[in-house]
Each structure stands twice: as C-alpha cells, then as structure tokens.
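# Working through the structure, step by step
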Amino acid sequence: MFKKLPGDEAQHLVSTTPDTAVVFRPAVLRTPAIVTIIIFTWRLLAGIVRLLWRHPIASAVVTVPCALAWLHGWQWGVALIALVLVGLTAWALVDRPSFARLLGWRLLAWWRLIWVYRRHWQPVMLISGLGRTLKGRDYVPHLVKVTCTSWADLVTVKMLTGQAVKDWSDRIEHLAHGFGATSCRVTIARSGRLLLAFPRRDPLATPLPALLIPAVASVGPVEIGKREDGSPWRLKVHGTHVLVAGATGAGKGSIIWSTIRGLLPAVRAGLVQIWALDPKLMELSFGRALFDYYAADPAACADLLEDAVKVMQERAGRFAGVQRNHIPTVEDPFVLVVVDEVAFLTAYQSDKGLKVRISAALATLTTQGRAVGVGVLAALQDPRKDVLSIRNLFPDKIALRLDESEQVDMVLGDGARDRGALADLISPQPDLGAGIAYARLETSPEPMRARAGYVSDADIRAMVATFTADTLPLPLTEEVA
Ligand SMILES: Nc1ncnc2c1ncn2[C@@H]1O[C@H](COP(=O)(O)OP(=O)(O)O)[C@@H](O)[C@H]1O
Ligand SMILES: [Mg+2]
C-alpha cells in the first residue's frame, strides 16, 4: 500500500565505530499498515473533536454556512453570511461600546495573536535571550493568551521554569520593538505568569484641559487627570505625602494646580486649608487668595513650616489616646502644605540657619503629619539624594519628565524604570509630554502612567474670582449624574 513505511531506511542503516569491527544493525519491528492507518485516523478524529470543543463559535462560523450551502444550494450559504455581516455592522454602528466589549476586542485580540504575537514569538524570544536552544531543541516561554483593551494588547505568558521577572523586565525594549509597539510594561499575573502590556496607541498624546471642579466637598482622592487606560487619575493627599519630581517645563504646576482645583469645594467648606510655599514666586503667587497661608521668601517659609509643625503637635497631643486617624472637620481641617521647588528651600538655601530649620520642619511634618491631618505636596526638579535628603519620607511619588534615566529609580524606587516607568523618554515638547507622569503608589509596585489636566492661567483666575466672590455654588460645578 505504501511504497515506504517509516523505519524502512533505518533497517538498512549500518553503523560501525571506527576502532572496532562491531557492527550495529538497528532492530526494526515492522508495523502493519493498518495499524498506522488506525492511529492516524484516531488522531484526526480526536483533533476534530478537540477543535469543536475548544473553538465552538469559530467552528460554527465555518460549518453552518457550508452545511447550508451543501443542503440547500450555495445562495443560502452566501445569504446567511451576508445577513450576519450586516447584523454585526449595524450593531457596531448603533452601540459601539457593547459591540467592542462583547465582540470587537475579542476579534482584534484573535487577529493580533495570530498576526503579531504568534508569528513573531519564536524569533523574538530566541533573539532577545528569553528562549534557549539546548541540544538542538528550542525552549520558548509559552504564549498563553492575548486580550485587547481600547489602548493596549495584554499578553499573558508562562515563563520558562527558572526564569525571573527581572529577566523579562531587562528586555522590555527587545519585546517592544520585536512586536512593533512603542513600549512594554511587565506585571506579575501570578506565580510563573506575567502580563505584558503593549500599547497600540497613546491615549495621553493630546493635552487634557483642566477638569471640572467637583460638586461635592471631599478630601478623598482628588481627580487630577486621566490614566492611560482612560480611567480617572485620582491622587490621594489626605493621609499621605506626595513628592512630584520633574525637569523644568515637565508640568509640575499642572499637578499642583489640579490638586488645588479638586480640593476647592472642601476648602470653601472649611474642611481643607492650603498652606502654600512659593520660593520661586512664580507658580503659586497667582492664586494667593485661595490659600490660608502663603509664603515666598525663605524666612517666611521657615515660619510657615514651623507653624504647621505646631498645629501638628497640638493635634497629636489632643488626639493621643482618643483617635488614631484624622477626620477632617471645620475645627480640625486637613492642612495641605504645598511646596513648589522645594530644593530652593533646602539644598540651594545659602542661609545655613534657615536651611536647618526648614529641613527639620519638613522632616517632622512628613514623618508625623499623616495621622493628624497634615499633608505635604512637594515639587522638585532634581531628585538627587543630596538635593532632598528626606525624599524617602514621601510615601507617594510622581515622576514627570526627567533628564536622566538614573533619576527614575531615585524618584520611584529601585526597579521602577525596568518595570516600564520610562520618565526620561517623555517628550520634552509641552503639548506632547508636559503633565505626563509615572506614579508609584504605596500599595502597588507597578508604575502607573497618567496625564494631569492643564490648569491654565485663565482657569486659575476664574477659580480665584469665584472663590473670593463667595457666591454659592461654584459656577464650574460638574452636574451630578
Ligand atoms: N498637564 C499639561 N498638559 C499640557 N501642557 C502642559 C501641562 N502642564 C504644563 N504644560 C505646559 O508646559 C509648560 C510648563 O509647565 P510648568 O508646570 O510651568 O512646568 P514646571 O513647573 O515643571 O517647570 C506650561 O506652560 C504649559 O504650556
Ligand atoms: Mg514650576
């Protein structure tokens, strides 16, 4: 039946070792053709059943029109396909979000899996060094699945046994370029599994205008911008301290002002006081009317900080043994100390006495202020240790555009850049990059990319005008949905 059966060649192979006369002749057991045929048929059937079981929808898409065409004529098959296509197009046009959620992203994920990831998987893994060739066999990490969101492909992979997350985070550039993305973010899905995020487009590429002032007075996380996945970026200020680092023109002002803007209703309700320190006299002087205290020259700044320490200590004395957490009230409002360009007060301060007073007050506030309702929001250009030795006392850190790659880990902590916080690669062009930041929150080691809303001078003027006019309600309030 077959001209040649597997094993026929082996039967005629003769091998000898060069120095002896021993001849090896492989033992060959002839398999009857019928056994081979049965095995192959069985494999085919099992394959078909597995295909139907694993991909019921895809199988139906192919078989139903074919069956219809076979039973009733090809016109019926074509008509069915046309009908389904028209139906899907109508759905996509009428209700795009539900179409995308239920079908669109899945179809895209399937296409991206086949066309991008599976096609390039083997070469990218081997060349980047994430796969190995041992004794002629390729060991390549397993591509588990691809899902799509509106902005990125999320690829789940099973690492090779013995690999570490660092092996992957060291190669994010190889992965990004290998799969045609601009960047790659690595997160741990669970033990042995990673989630790689490859952005398809940058949802933060266009500047975001100032957000609407919230309708409700709250000190809860303040909405200050938009995250990469489209959800709001909420910055927690009550119960923590926030350090914002960024080169000149990176948009430190937009984070400070967006926060102040979001707190405005609470300020008006008396639940929050903003104490502003503006050593460069440029950023905050604009909105002096909004602040309970304002200081610009270093001596006044030192006094202001020491006053904040006094408030803190007085509260600590009162709260001791009564309550462990601060709840903002009109009697004991949350005090947010906002410091622009903090290095002007610490590292670059020529008056030794003032420098010591300011550093001591800042260190006291950041170590003990959390629980009694005193928070610090500080902005800084140069994150080197000698510039701000109290850097590590800020639990939450935000890195805007930075000048050097080493500065990223200085701000966000070790390994943040390897995990994808590429703050040094943010565009220096204001419309493309200003206000874009990577934040690392206390609760998660993964850096989060987001863009703050840009509060323009006109916005600040409007805020001051409505705030000082003291007419309720604020005209810019969001409609309560
Ligand atoms: N969130 C933002 N979105 C778009 N553009 C911004 C944003 N923040 C700042 N910019 C632009 O960048 C410029 C510098 O911002 P600024 O806050 O003064 O930087 P920094 O205080 O970090 O030196 C602004 O004049 C503005 O044109
Ligand atoms: Mg500034």
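All values reported here derive from a predicted model rather than from experimental measurement.

### Focus on the sheet that holds strand β6 (residues 152-158)
What the four strands build is an open sheet, ordered β5-β6-β8-β7; its pairing is antiparallel. Looking along the sheet, the strands with just one partner apiece sit at the ends: β5 (142-148) and β7 (185-190). Strand-to-strand twist of the sheet, defined as the mean angle between neighbouring strand axes without regard to direction, takes the value 25°. Two elements, β6 and strand β8 (residues 193-199), share seven bridges in a ladder whose sense is antiparallel. Bridge pairing links Thr-156 to Leu-195 in β8.

### Comments concerning the pattern of salt bridges
The full count for this structure, using the stated rule, is 15 salt bridges. Arg-449 is the partner of Asp-202 in a salt bridge, and the nearest nitrogen-oxygen pair spans 3.0 Å. Highlighted residues: Asp-202 in the loop between β8 and β9 (222-227) and Arg-449 in strand β18 (residues 448-452), separated in sequence by 247 residues. For Lys-280, the salt bridge identified is with Glu-341, shortest N-O distance 3.5 Å. Here Lys-280 is found in the loop between β12 (272-277) and β13 (293-295), whereas its partner Glu-341 is found in the loop between β14 (334-339) and α10 (352-368), with 61 residues between them in sequence. The structure contains a network of salt bridges with shared partners spanning Arg-185, Asp-202, Glu-228 and Arg-449.

### A look at the domain arrangement of the protein chain
On domain assignment, one finds that the protein chain holds domain 1 (8-49), domain 2 (55-93), domain 3 (95-199) and domain 4 (222-469). Distance between the C-alpha centres of domain 2 and domain 3: 32 Å. Facing the four residues of domain 2 at the interface are six residues of domain 3. Of the roughly 450 Å² buried where domain 2 meets domain 3, counting both sides, 68% is carbon and sulfur surface. If you sort the residues of domain 2 by the area they bury against domain 3, Leu-88, Trp-91 and Ala-92 come out on top, with a joint share of 93%. If you look at where domain 2 meets domain 3, you find zero salt bridges.

### Things to note about the pairing of β9
Both faces of the sheet carry side chains from a regular strand, because those side chains alternate between them. Bridging between β9 and strand β10 (residues 232-235) involves four bridges; their strand directions are antiparallel. Residue Glu-223 lies in a different strand from β10, and its bridge partner there is Arg-234. The antiparallel hairpin formed by β9 and β10 contains four residues in its connecting segment, where Gly-230 sits at a positive phi of about 95°.

### Here we look at helix α8 (residues 252-268)
The end-to-end C-alpha distance of α8, which contains 17 residues, comes to 24 Å, matching closely the 24 Å that a straight helix rising 1.5 Å per residue would cover. Most of α8 sits out of view: 17 of its 17 residues are buried. Gly-270 lies just past α8 and shows a positive phi near 85°.

### Section: the packing of aromatic side chains
Under the counting rule described, the total for this entry stands at 10 aromatic pairs. With centroids separated by 6.1 Å and ring planes inclined at 35°, the aromatic side chains of Trp-257 and Phe-291 adopt a geometry described as tilted. Placement of Trp-257 in helix α8 and of Phe-291 in the loop between β12 and β13 is noted, with a sequence separation of 34 residues between them. Here Trp-257 falls in the buried class, since its relative accessible area comes to 1%. Using a relative accessible area of 8% as the deciding quantity, one classes Phe-291 as buried. By way of ring pairs, the aromatic residues Tyr-117, Trp-121, Phe-179 and Phe-198 are connected into one cluster. Between Arg-43 and the ring centre of Phe-40, over which it is positioned, the NZ or CZ distance is 5.6 Å. Geometry around Trp-115 places Arg-119 over its ring, the cationic atom sitting 4.1 Å from the centre.

### As for the confidence of the model for the protein chain
Chain-level statistics for the protein chain give a pLDDT mean of 87 and a share of 91% at 70 or above. Across residues 474-481, confidence stays below pLDDT 50; counting only partners more than four residues off in sequence or on other chains, it has 16 contacts.

### Considerations on the UniProt feature "binding site: ATP" (unreviewed entry) in the protein chain
Under the feature "binding site: ATP" (unreviewed entry), the UniProt entry names Gly-246, Ala-247, Thr-248, Gly-249, Ala-250, Gly-251, Lys-252 and Gly-253. Tracing the sequence through the fold places Ala-250 in the loop between β11 (242-245) and α8. With near-sequence residues (within four places) excluded, Ala-250 lies in contact with Leu-400, Arg-401, Gly-433, Ala-434 and Gly-435. Following the sequence through the fold, Lys-252 ends up in helix α8. Those residues in contact with Lys-252, other than ones at most four positions away along the chain, are Val-244, Gly-246, Ala-247, Glu-341, Ala-379, Leu-380, Gln-381 and Leu-400.

Parameters at a glance
- Residues numbered from 1 in each chain as written.
- Chains lettered and ligands numbered in written order.
- Predicted model: local features only at pLDDT ≥ 70, side-chain atom pairs only at ≥ 80, totals over all residues.
- Heavy atoms only, no water.
- Pairing = 2+ DSSP bridges.
- Helix = DSSP H or I, 4+ residues; strand = E, 2+ residues; numbered from the N terminus.
- Axes fitted to C-alpha atoms, helices over the stretch in contact; angles between N-to-C directions.
- Salt bridge = Lys/Arg side-chain N within 4 Å of Asp/Glu carboxyl O.
- Domains from an automatic or database assignment.
- Contact = heavy atoms within 4.5 Å.
- Buried area = accessible area lost by both parts, 1.4 Å probe.
- Expected span 1.5 Å × (residues − 1).
- Buried < 20%, exposed > 50% of the residue type's maximum accessible area, 1.4 Å probe, protein only.
- Phe/Tyr/Trp six-rings, centres within 6.5 Å; stacked < 30°, edge-to-face > 60°.
- Lys NZ or Arg CZ within 6 Å of the ring centre and 35° of its normal.
- pLDDT = per-residue confidence, 0-100.
- UniProt positions renumbered as here; feature names shortened; annotations may be inferred.

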